[in-house]
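Letter by letter, the chains look like this.
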Amino acid sequence: MIVVIDTNILFSACISPNNRISEILFSPLPNIERISCYYAMAELFKHQAKIVQLSKQPIEAVSTLLYTIMKQVDFLNEKMIATEHFEEADRLTAGVDSNDLAFVALSLQKNGMLWTGDKKLTNHLKSLGFNRVVNTNDLYELLDIS
């Protein structure tokens, strides 16, 4: 199974590294391919000061954690996503959040599940028939991590 990881999931893993998100990211799951977009990396570094503030950890610890988390994910260049997938993702995300466009497009390109903590996005996508979107609790149960 391919799991496309939204920025908010990675952000949450940096703020609270001892939760279900981290279990999913760090569990040896040979049948799971964890991927995301370059955009997610850029967003994490852009908001590193906020991550430091919310995590209440020194910048050195946050930098180390960012590095450790990033090693668990294959980051892909958005340029490899076909135009038709971007067009469909644009239709699917219209009126919600254009920052999620690349993640939805990558999910379409790779026929993967979009893992996001954005309830508004999840509800919107599902209302349009895009059912390959999952939150942390659902993914945790689906993967049967114990």
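Rules behind the numbers
Residues numbered from 1 in each chain as written. Predicted model: local features only at pLDDT ≥ 70, side-chain atom pairs only at ≥ 80, totals over all residues. Heavy atoms only, no water. Pairing = 2+ DSSP bridges. Helix = DSSP H or I, 4+ residues; strand = E, 2+ residues; numbered from the N terminus. Core = buried A, V, L, I, M, F, W, Y, C linked by side-chain atoms within 4.5 Å. Buried < 20%, exposed > 50% of the residue type's maximum accessible area, 1.4 Å probe, protein only. Contact = heavy atoms within 4.5 Å. Salt bridge = Lys/Arg side-chain N within 4 Å of Asp/Glu carboxyl O. Arc of directions from axis to C-beta. Polar contact = N/O pair within 3.5 Å; in protein donor to acceptor, adjacent residues only side chain to side chain. UniProt positions renumbered as here; feature names shortened; annotations may be inferred.

A. Expanded view of the sheet that holds strand 4 (residues 113-115). Taken together, the five strands give an open sheet; going across it, the order is 3-2-1-4-5, and neighbouring strands pair in parallel fashion. The two strands at the open ends of the sheet, each matched to only one other strand, are strand 3 (74-76) and strand 5 (133-134). With three bridges joining them, strand 2 (residues 33-37) and strand 3 adopt parallel strand pairing. Across the sheet, isoleucine 35 pairs through a bridge with aspartate 74, a residue of strand 3.

B. Expanded view of unusual backbone geometry. Residue lysine 56 is not a glycine yet carries a positive backbone phi of 60°. Mapped onto the elements, lysine 56 comes out in the loop between helix 4 (48-55) and helix 5 (59-70). In this model, asparagine 111 sits at a positive phi of 55°, which is unusual for a non-glycine residue. Note that asparagine 111 resides in the loop between helix 7 (101-110) and strand 4.

C. Representation of the pairing of strand 1 (residues 2-5) in the model. Pairing between strand 1 and strand 2: three bridges, direction parallel. Its bridge partner lying in strand 2, isoleucine 2 is registered against glutamate 33.

D. Geometry of the nonpolar core. Residues Ile5, Leu10, Leu25, Val104, Leu114, Trp115 and Leu125 are the most contacted members of the largest nonpolar core, which totals 47 residues. Counting residues per element, this core draws most heavily on helix 7, which supplies six residues. Excluding residues that lie within four positions of it along the chain, valine 104 makes contacts with Ala89, Leu92, Thr93, Leu114, Leu125 and Phe130.

E. How the structure looks around the side chain of serine 36. One can find serine 36 in strand 2. Aside from chain neighbours lying at most four places away, what touches serine 36 is Ile5, Leu10, Val73, Asp74, Phe75, Leu76, Phe103 and Leu106.

F. Structural view of the pattern of salt bridges. Counting across every chain of the model gives two salt bridges. A salt bridge links lysine 46 to glutamate 43; the shortest N-O distance between them is 3.9 Å. Here lysine 46 and its partner glutamate 43 are both found in helix 3 (residues 38-46), three residues apart, which amounts to about one turn of the helix. Taking the relative accessible area as the measure of exposure, lysine 46 reaches 60% and is therefore exposed.

G. Quick peek at helix 8 (residues 119-127). All of the buried residues along helix 8 are Leu121, Thr122 and Leu125. The buried residues of helix 8 occupy one face: seen down the axis, they fall within an arc of 100°. For helix 8, exposure combined with an orientation more than 90 degrees from the buried face picks out Lys119, Lys120, Asn123 and Ser127. Measuring from the side-chain oxygen of the N-cap residue of helix 8 to the backbone nitrogen of lysine 120 gives 3.1 Å; that N-cap residue is aspartate 118.

H. The arrangement of helix 6 (residues 83-93) in detail. Taken residue by residue, helix 6 has Ala89, Leu92 and Thr93 as its buried positions. Along the long axis of helix 6, the arc covered by the buried residues comes to 85°, so they all point the same way. Exposed positions of helix 6 whose direction lies more than 90 degrees from the buried face are Thr83, Glu84 and Glu87. Downstream of helix 6 by one or two residues, glycine 95 has phi in the positive range, about 85°.

I. Structural view of the UniProt feature "domain: PIN" (unreviewed entry) in the chain. Under the UniProt annotation, "domain: PIN" (unreviewed entry) lies at residues 4-122. In this annotation, residues 4-122 is assigned 59% helix and 11% strand; the end-to-end C-alpha distance for the span is 14 Å.

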